[in-house]
Amino acid sequence: MKPSLAVVGATGAVGAVMLDLLSTRPDVWGEIRLIASARSAGKKLKCRGEELTVVPLSPEAFDGIDVAMFDVPDEVSADWAPIAAARGAICVDNSGAFRMDPEVPLVVPEVNPGEVKRRPKGIISNPNCTTLSMIVAMGALHKKYELKELVVASYQAASGAGKSGIDALRSQIDEVSGKGLGDKAGDVRTAISDLGPFPAPLAMNVIPWAGSLRNDGYSSEELKVRNESRKILGLKNLKVSATCVRVPVITTHSLAVHAVFANEVDRKAAQDVLENAAGVKLVDDPENHKFPTPADVVGTDPTWVGRVRKSLDNPNAIELFVCGDNLRKGAALNTAQIAELVAKEFAAK
């Protein structure tokens, strides 16, 4: 029999992508149960061609569930994933609540799939969308060259701040459109009535900030890139420097990456590694201006990589540019892939 699955947070932005993935990926599930907050209970959503009714979040909602995919705020996951696990569900959590818990594996199926079985708490964690936008490519290169250091600048989409981020950017674009703004300091800010979840205007602008404030001026997003990359790759001493920037893109995160390895890197060999890596799409033809951009990547599953160059100053380093849809591989897809690894365990019984 196929295992049963619960989608917790089914009515959210990532939840909607999860339902689409469940309808289009190989069908490995038996019953699918949709769970959300009490205010969303009773809503009807389509999945696998069926109309399913959302049930309210409660301990009893997990009875008979084998696997539960969570996409809810950190505090909700922190409270409810252990409850679901205690009711017998293996939880795959997309929040930040458990990512750095040493008893909870942080899994990217293309990089460390074996970790999925090491789950003493019955919980498996999904990385942050920024980390996920680059880690599949870096994992492939690490296997060949042995990664030592990462210096990254992220260019993060508005959807990384949730639906309110998307709504704010669309509204701001409408407010500045056709007004000839952008050639005087403060004119864009004056024209915008609501910043939404951002600390400055995002339309016609970039903001060198994503996440919340942490020690010494770092943001939470920057520390996630550092800490999660170390955990996923099993490199506790990996040097990581990250600067996270919000850009006026609806969906798809990008990163400019400077990667230093223990061994000398050849550009063509690195391109070959990336071209043959699972979950990676290489688009790297600068002579013809072919490289990934968010507008080309949005709505797709792979990590797209281009602008691969050997460092001019370090024979052991390369530069590259990566793009990944932060709602798909950056959230829903990776969660679904982890859950599918767990589903195989039930098939093997």
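Residue positions are counted from 1 within each chain, in the order its sequence is given. Restriction of local features to residues with pLDDT of at least 70 applies here, the model being predicted, together with a cutoff of 80 or more for giving and counting side-chain atom pairs; totals for whole chains, interfaces and linings are based on all residues. Hydrogen atoms and water are omitted, and side-chain values are computed over all heavy atoms in the structure.

Engineer: Teacher, can you tell me more about unusual backbone geometry here?
Structural biologist: The phi torsion of most residues other than glycine is negative, and most of the peptide bonds are trans. Of note in the backbone geometry, R48 takes a positive phi value of approximately 55° without being a glycine. Helical segments are the DSSP runs of H or I of at least four residues, strand segments are the runs of E of at least two, and each set is numbered from the N terminus. One can find R48 in the loop between strand 3 (44-47) and strand 4 (50-53). A 1.4 Å probe rolled over the protein chains alone gives each residue an accessible area, and that area as a share of the maximum for its type sets the label: buried under 20%, exposed over 50%, partly exposed in between. The class of R48 is partly exposed, set by a relative accessible area of 24%. In the Ramachandran plot, E146 falls in the positive-phi region, its phi being about 70° despite a non-glycine side chain. The residue E146 is located in the loop between helix 3 (129-145) and strand 9 (147-156) in this model.

Engineer: Please explain the pattern of salt bridges as it appears in this structure.
Structural biologist: When their charged atoms lie close together, side chains carrying opposite charge are able to pair. The working definition used for a salt bridge is a side-chain nitrogen of Lys or Arg within 4 Å of a carboxyl oxygen of Asp or Glu. Inspection of every chain in the model, using the stated rule, returns 20 salt bridges. D20 is paired through a salt bridge with R328; the nearest N and O atoms lie 3.5 Å apart. Here D20 is found in helix 1 (residues 13-24), whereas its partner R328 is found in helix 9 (residues 328-347), with 308 residues between them in sequence. Overall, the relative accessible area of 36% leaves D20 in the partly exposed class. R25 is paired through a salt bridge with E340; the nearest N and O atoms lie 2.8 Å apart. Of this pair, R25 sits in the loop between helix 1 and strand 2 (32-36) while E340 is found in helix 9, placing the two residues 315 residues apart along the sequence.

Engineer: Help me understand the sheet that holds strand 9 in this model?
Structural biologist: By this definition, two strands are paired if DSSP reports at least two bridges between them. Spatially, the six strands line up as an open sheet ordered 10-9-11-14-13-12, and their pairing is mixed. Two strands bound the open sheet, and with one partner strand each, they are strand 10 (239-246) and strand 12 (280-282). Shown here is a sheet whose adjacent strand axes are inclined to one another by a mean of 25°, direction ignored. With axes taken as lines fitted to C-alpha atoms, and helix axes fitted only over the stretch in contact, angles between N-to-C directions fall between 0 and 180 degrees.

Engineer: Whenever I open this one, the sheet that holds strand 2 confuses me. Can you help?
Structural biologist: The strands that make up a sheet pair up through hydrogen bonds in the backbone, lying either parallel or antiparallel. Taken in spatial order, the six strands of this open sheet run 5-2-1-6-7-8, and their pairing is parallel. Looking at which strands have only one partner, the edges of the open sheet turn out to be strand 5 (55-56) and strand 8 (123-125). The pairing of strand 2 with strand 5 spans two bridges and is classified as parallel. Across the sheet, residue I35 finds its bridge partner in strand 5, namely V55.

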